[in-house]
Amino acid sequence: MLLSFAPMEGVTSTSFRRLHRRFFGGADRYYAPFLSPDSQGAVKRTLLEALRPESGEELITVPQLLCSEARIFLTAAEKLTELGYREINLNLGCPSGTVTAKHKGAGVLCDRDQLRHLLDGIFAAPPCAVSVKTRMGWASTGEFPALLAIYADYPIAELIVHARDRAGMYRSNPDLAGFTAAVSRLPFPVCYNGDIFSPEALEKLQSLSPGLDRVMLGRGAVADPALFRLLRGGAPLSAGELSAFCEALLNDALDAGLPPVYALARMKELWYYLRTKFPGGEKALKSVFKSRRIEDYRAAVNALFDGGSFDPLAFFAGTADLS
(Lines give C-alpha, C1' and ligand atoms only; values in the text may rest on other atoms or scores of the structure.)
Protein backbone atom coordinates (compact mmCIF):
# COMPACT_ATOMS: atom_id res chain seq x y z
CA MET A 1 0.00 0.00 0.00
CA LEU A 2 1.20 3.50 -0.85
CA LEU A 3 1.06 5.70 2.26
CA SER A 4 1.25 9.49 2.11
CA PHE A 5 1.65 12.15 4.80
CA ALA A 6 -0.99 14.88 4.45
CA PRO A 7 -0.07 18.55 4.49
CA MET A 8 -0.92 20.30 7.77
CA GLU A 9 -0.30 24.02 7.82
CA GLY A 10 1.81 25.12 10.77
CA VAL A 11 2.84 21.56 11.63
CA THR A 12 4.33 19.53 8.75
CA SER A 13 7.03 22.05 7.86
CA THR A 14 10.17 21.29 5.87
CA SER A 15 11.99 20.59 9.14
CA PHE A 16 9.20 18.31 10.38
CA ARG A 17 9.15 16.30 7.16
CA ARG A 18 12.93 15.86 7.07
CA LEU A 19 13.18 14.85 10.72
CA HIS A 20 10.12 12.59 10.55
CA ARG A 21 11.70 10.69 7.70
CA ARG A 22 14.98 10.37 9.61
CA PHE A 23 13.45 9.27 12.92
CA PHE A 24 10.47 7.15 11.85
CA GLY A 25 10.13 6.67 8.10
CA GLY A 26 7.28 4.61 6.71
CA ALA A 27 5.73 7.34 4.55
CA ASP A 28 6.16 6.96 0.80
CA ARG A 29 5.45 10.63 0.13
CA TYR A 30 5.04 13.88 2.01
CA TYR A 31 2.70 16.62 0.78
CA ALA A 32 3.90 20.11 1.68
CA PRO A 33 1.38 22.57 3.16
CA PHE A 34 -0.19 24.64 0.43
CA LEU A 35 1.45 27.59 -1.25
CA SER A 36 -0.90 30.41 -2.20
CA PRO A 37 0.59 32.33 -5.17
CA ASP A 38 -0.27 35.98 -5.72
CA SER A 39 -2.30 37.25 -8.68
CA GLN A 40 0.78 36.94 -10.91
CA GLY A 41 1.52 33.38 -9.87
CA ALA A 42 4.48 34.44 -7.74
CA VAL A 43 5.34 32.61 -4.54
CA LYS A 44 7.35 34.16 -1.71
CA ARG A 45 11.05 33.44 -2.23
CA THR A 46 11.46 32.11 1.31
CA LEU A 47 8.69 29.55 0.73
CA LEU A 48 10.20 28.43 -2.56
CA GLU A 49 13.62 28.15 -0.95
CA ALA A 50 12.17 25.99 1.80
CA LEU A 51 11.05 23.55 -0.91
CA ARG A 52 14.38 23.51 -2.71
CA PRO A 53 15.71 19.93 -2.48
CA GLU A 54 19.09 19.44 -0.88
CA SER A 55 21.86 18.08 -3.08
CA GLY A 56 21.27 14.39 -3.75
CA GLU A 57 17.93 14.37 -1.93
CA GLU A 58 15.28 12.06 -3.31
CA LEU A 59 12.17 14.02 -4.24
CA ILE A 60 9.48 12.39 -2.13
CA THR A 61 7.76 15.70 -1.29
CA VAL A 62 4.83 16.88 -3.41
CA PRO A 63 4.19 20.65 -3.37
CA GLN A 64 0.58 21.78 -3.12
CA LEU A 65 -0.93 24.92 -4.65
CA LEU A 66 -4.05 26.81 -3.57
CA CYS A 67 -5.43 28.64 -6.62
CA SER A 68 -8.71 29.64 -8.17
CA GLU A 69 -7.28 30.48 -11.62
CA ALA A 70 -5.44 28.17 -14.01
CA ARG A 71 -3.07 30.93 -15.11
CA ILE A 72 -1.86 31.42 -11.54
CA PHE A 73 -1.52 27.67 -10.97
CA LEU A 74 0.51 27.13 -14.13
CA THR A 75 2.89 30.02 -13.45
CA ALA A 76 3.62 28.77 -9.94
CA ALA A 77 3.84 25.16 -11.09
CA GLU A 78 6.48 26.15 -13.64
CA LYS A 79 8.64 27.56 -10.85
CA LEU A 80 8.27 24.36 -8.85
CA THR A 81 9.21 22.16 -11.81
CA GLU A 82 12.37 24.24 -12.17
CA LEU A 83 13.29 23.02 -8.67
CA GLY A 84 12.97 19.44 -9.89
CA TYR A 85 9.43 18.52 -8.88
CA ARG A 86 7.51 16.34 -11.31
CA GLU A 87 4.11 16.45 -9.59
CA ILE A 88 2.10 19.36 -8.21
CA ASN A 89 -1.03 18.92 -6.12
CA LEU A 90 -4.08 21.16 -6.55
CA ASN A 91 -5.83 21.87 -3.24
CA LEU A 92 -9.61 21.64 -3.59
CA GLY A 93 -10.11 20.44 -0.05
CA CYS A 94 -9.20 23.18 2.42
CA PRO A 95 -12.42 24.02 4.35
CA SER A 96 -11.19 27.19 6.08
CA GLY A 97 -13.64 30.07 5.80
CA THR A 98 -10.87 32.53 4.94
CA VAL A 99 -9.90 30.28 2.02
CA THR A 100 -13.34 29.33 0.71
CA ALA A 101 -14.50 32.98 0.83
CA LYS A 102 -11.95 33.62 -1.94
CA HIS A 103 -13.38 30.71 -3.98
CA LYS A 104 -10.27 28.63 -3.33
CA GLY A 105 -9.80 25.22 -1.77
CA ALA A 106 -13.15 23.55 -1.11
CA GLY A 107 -14.77 26.84 -2.12
CA VAL A 108 -14.37 25.81 -5.76
CA LEU A 109 -16.63 22.79 -5.21
CA CYS A 110 -19.79 24.87 -4.82
CA ASP A 111 -19.44 26.18 -8.39
CA ARG A 112 -19.04 23.33 -10.85
CA ASP A 113 -18.68 25.70 -13.80
CA GLN A 114 -15.71 27.32 -12.07
CA LEU A 115 -14.30 23.88 -11.25
CA ARG A 116 -14.47 22.77 -14.88
CA HIS A 117 -13.04 26.07 -16.11
CA LEU A 118 -10.14 25.75 -13.65
CA LEU A 119 -9.37 22.17 -14.66
CA ASP A 120 -9.72 22.97 -18.38
CA GLY A 121 -7.02 25.61 -18.05
CA ILE A 122 -4.68 23.57 -15.88
CA PHE A 123 -4.81 20.41 -17.97
CA ALA A 124 -4.54 22.21 -21.31
CA ALA A 125 -0.75 22.35 -20.92
CA PRO A 126 0.51 21.42 -17.46
CA PRO A 127 4.31 21.55 -16.95
CA CYS A 128 4.22 18.33 -14.90
CA ALA A 129 1.85 15.73 -13.51
CA VAL A 130 -1.04 17.25 -11.57
CA SER A 131 -2.83 15.49 -8.72
CA VAL A 132 -5.94 16.82 -6.98
CA LYS A 133 -6.97 16.76 -3.32
CA THR A 134 -10.72 17.16 -2.94
CA ARG A 135 -13.58 16.88 -0.52
CA MET A 136 -16.69 14.94 -1.49
CA GLY A 137 -18.84 18.04 -1.81
CA TRP A 138 -19.58 21.50 -0.51
CA ALA A 139 -22.79 21.06 1.49
CA SER A 140 -23.21 17.30 1.18
CA THR A 141 -21.16 14.24 0.27
CA GLY A 142 -24.08 13.41 -2.00
CA GLU A 143 -22.53 15.86 -4.46
CA PHE A 144 -19.58 13.53 -4.97
CA PRO A 145 -20.82 11.60 -8.03
CA ALA A 146 -21.41 14.87 -9.89
CA LEU A 147 -17.91 16.07 -8.98
CA LEU A 148 -16.40 12.77 -10.08
CA ALA A 149 -18.13 13.09 -13.43
CA ILE A 150 -16.09 16.26 -13.90
CA TYR A 151 -12.81 14.86 -12.57
CA ALA A 152 -13.07 11.81 -14.83
CA ASP A 153 -12.65 14.04 -17.90
CA TYR A 154 -9.06 14.98 -16.98
CA PRO A 155 -5.72 13.11 -16.81
CA ILE A 156 -5.38 13.53 -13.05
CA ALA A 157 -2.24 11.84 -11.72
CA GLU A 158 -4.04 10.93 -8.49
CA LEU A 159 -7.29 11.96 -6.84
CA ILE A 160 -6.92 12.27 -3.07
CA VAL A 161 -10.36 12.22 -1.47
CA HIS A 162 -10.97 13.61 1.99
CA ALA A 163 -14.16 11.68 2.69
CA ARG A 164 -16.18 14.60 4.10
CA ASP A 165 -17.99 17.56 2.61
CA ARG A 166 -16.83 21.07 3.38
CA ALA A 167 -19.69 21.58 5.81
CA GLY A 168 -18.37 18.67 7.90
CA MET A 169 -14.99 20.37 8.36
CA TYR A 170 -13.13 17.76 10.50
CA ARG A 171 -16.09 16.90 12.73
CA SER A 172 -18.47 14.77 10.70
CA ASN A 173 -18.14 11.07 10.08
CA PRO A 174 -16.22 10.20 6.91
CA ASP A 175 -18.63 8.93 4.26
CA LEU A 176 -17.03 5.57 3.53
CA ALA A 177 -20.09 4.18 1.78
CA GLY A 178 -20.22 7.13 -0.60
CA PHE A 179 -16.48 6.99 -1.17
CA THR A 180 -16.43 3.25 -1.90
CA ALA A 181 -19.45 3.32 -4.19
CA ALA A 182 -18.20 6.22 -6.27
CA VAL A 183 -14.50 5.70 -6.81
CA SER A 184 -14.34 2.16 -8.16
CA ARG A 185 -14.93 3.23 -11.76
CA LEU A 186 -12.44 6.11 -12.01
CA PRO A 187 -9.72 5.97 -14.69
CA PHE A 188 -6.92 7.19 -12.40
CA PRO A 189 -5.45 6.26 -8.99
CA VAL A 190 -7.54 7.19 -5.96
CA CYS A 191 -6.21 7.82 -2.46
CA TYR A 192 -8.37 7.83 0.68
CA ASN A 193 -7.94 10.50 3.39
CA GLY A 194 -9.88 10.86 6.62
CA ASP A 195 -9.55 9.68 10.23
CA ILE A 196 -7.01 6.88 9.90
CA PHE A 197 -5.74 7.12 13.45
CA SER A 198 -4.77 3.49 14.20
CA PRO A 199 -4.08 0.11 12.55
CA GLU A 200 -7.64 -0.89 13.41
CA ALA A 201 -9.02 2.06 11.45
CA LEU A 202 -6.99 1.06 8.40
CA GLU A 203 -8.17 -2.54 8.69
CA LYS A 204 -11.79 -1.37 8.81
CA LEU A 205 -11.26 0.85 5.77
CA GLN A 206 -9.73 -2.03 3.81
CA SER A 207 -12.62 -4.31 4.72
CA LEU A 208 -15.12 -1.74 3.49
CA SER A 209 -13.14 -0.74 0.39
CA PRO A 210 -11.35 -3.84 -0.95
CA GLY A 211 -8.70 -3.09 -3.52
CA LEU A 212 -7.90 0.36 -2.15
CA ASP A 213 -4.12 0.69 -2.30
CA ARG A 214 -3.48 4.37 -1.42
CA VAL A 215 -4.11 6.08 1.89
CA MET A 216 -3.15 9.50 3.22
CA LEU A 217 -2.68 10.12 6.94
CA GLY A 218 -2.74 13.53 8.59
CA ARG A 219 -3.73 14.21 12.18
CA GLY A 220 -3.24 10.59 13.21
CA ALA A 221 0.36 10.57 11.98
CA VAL A 222 1.15 13.86 13.73
CA ALA A 223 -0.28 12.50 16.97
CA ASP A 224 1.71 9.28 16.51
CA PRO A 225 4.78 9.95 14.34
CA ALA A 226 5.49 6.21 14.17
CA LEU A 227 2.04 5.37 12.81
CA PHE A 228 3.28 4.77 9.25
CA ARG A 229 5.86 2.33 10.60
CA LEU A 230 3.23 0.65 12.77
CA LEU A 231 0.86 0.22 9.82
CA ARG A 232 3.64 -1.57 7.96
CA GLY A 233 4.09 -4.04 10.82
CA GLY A 234 6.93 -2.21 12.57
CA ALA A 235 7.48 -1.24 16.18
CA PRO A 236 5.19 1.21 17.98
CA LEU A 237 6.39 4.62 19.06
CA SER A 238 8.85 4.72 21.97
CA ALA A 239 9.13 7.47 24.53
CA GLY A 240 12.84 7.88 23.84
CA GLU A 241 12.50 8.48 20.12
CA LEU A 242 9.55 10.82 20.59
CA SER A 243 11.54 12.86 23.10
CA ALA A 244 14.54 13.01 20.74
CA PHE A 245 12.31 13.95 17.81
CA CYS A 246 10.71 16.84 19.68
CA GLU A 247 14.10 18.14 20.85
CA ALA A 248 15.47 17.92 17.30
CA LEU A 249 12.49 19.91 16.00
CA LEU A 250 13.00 22.60 18.61
CA ASN A 251 16.73 22.82 17.95
CA ASP A 252 16.13 23.00 14.21
CA ALA A 253 13.78 25.96 14.69
CA LEU A 254 16.20 27.78 16.97
CA ASP A 255 19.19 27.06 14.73
CA ALA A 256 17.25 28.52 11.80
CA GLY A 257 16.95 31.79 13.72
CA LEU A 258 13.31 31.50 14.73
CA PRO A 259 12.72 33.62 17.85
CA PRO A 260 12.14 31.44 20.94
CA VAL A 261 8.53 32.61 21.34
CA TYR A 262 7.70 31.43 17.80
CA ALA A 263 9.65 28.20 18.20
CA LEU A 264 7.64 27.45 21.34
CA ALA A 265 4.37 28.25 19.56
CA ARG A 266 5.30 25.78 16.84
CA MET A 267 6.09 23.07 19.38
CA LYS A 268 2.87 23.67 21.31
CA GLU A 269 0.88 23.24 18.13
CA LEU A 270 2.51 19.85 17.72
CA TRP A 271 1.85 18.96 21.37
CA TYR A 272 -1.86 19.54 20.81
CA TYR A 273 -1.74 16.22 18.91
CA LEU A 274 1.02 14.47 20.86
CA ARG A 275 -0.84 14.92 24.14
CA THR A 276 -2.93 11.87 23.24
CA LYS A 277 0.10 9.69 24.01
CA PHE A 278 0.05 10.76 27.67
CA PRO A 279 -3.25 9.66 29.22
CA GLY A 280 -3.30 10.85 32.80
CA GLY A 281 -0.56 13.38 32.14
CA GLU A 282 -2.86 16.42 32.12
CA LYS A 283 -0.99 18.31 34.85
CA ALA A 284 2.40 17.96 33.15
CA LEU A 285 0.86 18.78 29.76
CA LYS A 286 -0.61 21.95 31.20
CA SER A 287 2.89 23.04 32.17
CA VAL A 288 4.09 22.39 28.61
CA PHE A 289 1.38 24.63 27.16
CA LYS A 290 1.89 27.35 29.79
CA SER A 291 5.67 27.58 29.32
CA ARG A 292 6.98 30.94 28.10
CA ARG A 293 10.72 30.29 28.05
CA ILE A 294 12.73 27.55 26.33
CA GLU A 295 14.13 26.31 29.64
CA ASP A 296 10.64 26.13 31.17
CA TYR A 297 9.36 24.24 28.15
CA ARG A 298 12.19 21.71 28.31
CA ALA A 299 11.67 21.19 32.03
CA ALA A 300 7.96 20.62 31.49
CA VAL A 301 8.54 18.15 28.67
CA ASN A 302 11.12 16.24 30.72
CA ALA A 303 8.66 16.06 33.61
CA LEU A 304 5.99 14.76 31.26
CA PHE A 305 8.20 11.93 30.02
CA ASP A 306 9.48 11.18 33.53
CA GLY A 307 5.92 10.95 34.82
CA GLY A 308 5.45 7.51 33.31
CA SER A 309 2.09 8.16 31.64
CA PHE A 310 3.37 7.57 28.08
CA ASP A 311 1.29 4.98 26.23
CA PRO A 312 2.53 4.02 22.74
CA LEU A 313 -0.84 2.51 21.83
CA ALA A 314 -3.00 5.45 22.90
CA PHE A 315 -4.17 6.90 19.59
CA PHE A 316 -5.54 10.28 18.59
CA ALA A 317 -9.21 10.55 19.53
CA GLY A 318 -10.93 11.92 16.47
CA THR A 319 -14.49 13.10 16.45
CA ALA A 320 -15.58 10.50 13.97
CA ASP A 321 -15.86 6.73 13.81
CA LEU A 322 -15.10 4.74 10.68
CA SER A 323 -18.38 2.91 10.49
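Residues numbered from 1 in each chain as written. Predicted model: local features only at pLDDT ≥ 70, side-chain atom pairs only at ≥ 80, totals over all residues. Heavy atoms only, no water.

1. Some points on the overall build of the protein chain
Helix and strand counts for the protein chain come out as 14 helices and nine strands. What you see for the protein chain is a C-alpha radius of gyration of 20 Å, in line with the 20 Å of a compact globule of 323 residues. Each principal axis of the C-alpha distribution contributes one length, and for the protein chain these read about 55 × 45 × 35 Å. Counting only residues that meet the buried cut, the protein chain has 54% of its 323 residues in that class. A sequence separation of at least 24 residues applies to 75% of the contacts in the protein chain between residues at least 6 apart. (Helix = DSSP H or I, 4+ residues; strand = E, 2+ residues; numbered from the N terminus. Rg over C-alpha atoms; globule rule 2.2 N^0.38 Å. Buried < 20%, exposed > 50% of the residue type's maximum accessible area, 1.4 Å probe, protein only. Contact = heavy atoms within 4.5 Å.)

2. Section: helix α8 (residues 199-208)
Residues spaced three or four apart along an α-helix face the same direction, because each turn holds 3.6 residues. Restricting attention to buried positions, one finds in α8 the residues Pro199, Ala201, Leu202 and Leu205. The buried residues of α8 occupy an angular sector of 160° when projected down its axis, which confines them to one face. Turned more than 90 degrees from where α8 packs its buried face, Glu203 and Ser207 sit exposed. Among the structural elements, α7 (176-183), β8 (190-193), β9 (214-217) and α10 (227-231) are those in contact with the buried residues of α8. (Arc of directions from axis to C-beta.)

3. Structural notes on the confidence of the model for the protein chain
Per-residue confidence for the protein chain averages 93 on the pLDDT scale, and 97% of its residues sit at or above 70. Per-residue pLDDT stays below 50 along residues 319-323; that stretch engages in 20 contacts with residues further than four places along the chain or on separate chains. (pLDDT = per-residue confidence, 0-100.)

4. Topic: unusual backbone geometry
Across the chain, the bulk of peptide bonds are trans and the bulk of non-glycine residues have phi less than zero. Unlike most non-glycine residues, methionine 169 shows phi in positive territory, near 45°. Along the chain, methionine 169 turns up in the loop between β7 (159-162) and α7. Look at aspartate 195: it is not a glycine, yet its phi comes out positive at around 65°. Considering the arrangement of structural elements, one finds aspartate 195 in the loop between β8 and α8.

5. Details of the pairing of strand β5 (residues 87-92)
Consecutive side chains along a regular strand alternate between the two faces of the sheet. Summarising burial for β5: six of the six residues are buried, a large majority. Side chains of β5 alternate between two faces, with Glu87, Asn89 and Asn91 and Ile88, Leu90 and Leu92 buried alike. The sheet contact formed by strand β4 (residues 64-65) and β5 spans two bridges and is parallel. Counted as the bridge partner of leucine 65 is leucine 90 from β5. (Pairing = 2+ DSSP bridges.)

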